[in-house]
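# Coordinates in review
Here's the letter readout for the chains.
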Amino acid sequence: LEYQVVRKAKFIIWRGHIESKLMIERYSEVLERHLVVVDVKKEISVVIGIWLLWALVLTSLVFIFGDVGLAASFQSLIKISVVKKILAVFTDYALYPFYFIFVCLVGLGFYKNIESFRALAWRYFIAQLIGSIVLVRLLKMLVARGRPSSEFPSIYIGDFTQLYMDASLHSFPSGHAADVWTGATILFVVAKQVSVKFSLILVAILVSLSRVALGAHYPIDILLGSLIGLLTGSLCLVISRTSSNKI
């Protein structure tokens, strides 16, 4: 009886492994075909339109309440310590699924020899390098705007003549916003289901707003950060598309 139980368990594990492998291969084939036929410029125009709507709402609120006043209003919403802790976890760990997806695309691209997967992932990494790492970090050090919790909250210390290394003066622009909007923009363009597309945008907006609520940034900081992510992600897709028939 014990032998039969062990044998049945091994069979279930084997069948699950085969089914999982077939499912991955099936989704990989569907995604590969979609990457070839997707209208990149059309999808980018849609995500830009959504960003403009989000930017319009945010700038309107900034105009009404002020950049500092709106930030204070967001921060007052999470005075409960448990909520603040949950939000602190979300603001960082919500970025990791994006990293995981593109790392998987690289792995599958090499394992299955799918050029479009590798190309898409490399463009994401290049966009992150240009936007979130180089451009955002450089602006942070040149502009040197004090974070809400710094000694000089909301004040622009920098005059573009030197680099300020103090992290408390790195409020403008938001690196998290640039990071999440880069991934959301690229995945929005290549995703097939509308629900997935708008879920990506929702995550990007929530991560951006969480930076304000946690007192790490002001609304204008996340607005410019999201714009950097949107533009670098879009440009990497468009420029590469002009020199290739595939993503």
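Residues numbered from 1 in each chain as written. Predicted model: local features only at pLDDT ≥ 70, side-chain atom pairs only at ≥ 80, totals over all residues. Heavy atoms only, no water.

## Digging into the overall build of the protein chain
Inclusion rule: Each helix is a run of DSSP H or I of at least 4 residues and each strand a run of E of at least 2, with the numbering of both proceeding from the N terminus. Type-normalised accessible area, obtained with a 1.4 Å probe on protein chains alone, sets the label of each residue: buried when under 20%, exposed when over 50%, and partly exposed for intermediate values. Should any heavy atoms of two residues lie within 4.5 Å, those residues are counted as being in contact. Accessible surface is estimated by sampling points in the Shrake-Rupley manner with a 1.4 Å probe; for residues, cover comes only from the protein chains shown.
Secondary structure assignment for the protein chain yields 9 helices and 0 strands. For the protein chain, the sequential pattern of α-helices and β-strands runs α-α-α-α-α-α-α-α-α. Every one of the 247 residues in the protein chain was classed for burial, and the buried ones make up 43%. Long-range contacts, defined here as pairs at least 24 residues apart, represent 74% of the contacts in the protein chain between residues at least 6 apart. Summing over all exposed atoms, the protein chain offers an accessible surface of approximately 13,700 Å²; the carbon and sulfur share of this is 69%.

## Examining the packing of aromatic side chains
Here is the rule: Between 30 and 60 degrees the pair is tilted, below 30 it is stacked and above 60 it is edge-to-face, where a pair is any two Phe, Tyr or Trp rings, Trp via its six-membered ring, whose centres lie within 6.5 Å.
What the rule picks out here adds up to 8 aromatic pairs. With centroids separated by 6.0 Å and ring planes inclined at 75°, the aromatic side chains of Tyr 156 and Phe 172 adopt a geometry described as edge-to-face. Pair noted here: Tyr 156 is in the loop between α6 (115-143) and α7 (175-190) and Phe 172 is in the loop between α6 and α7, with a separation of 16 residues, a long-range link. With a relative accessible area of 14%, Phe 172 lands in the buried category. Ring pairing ties together the aromatic residues Phe 102, Trp 122, Tyr 124 and Phe 125, which thus form one cluster.

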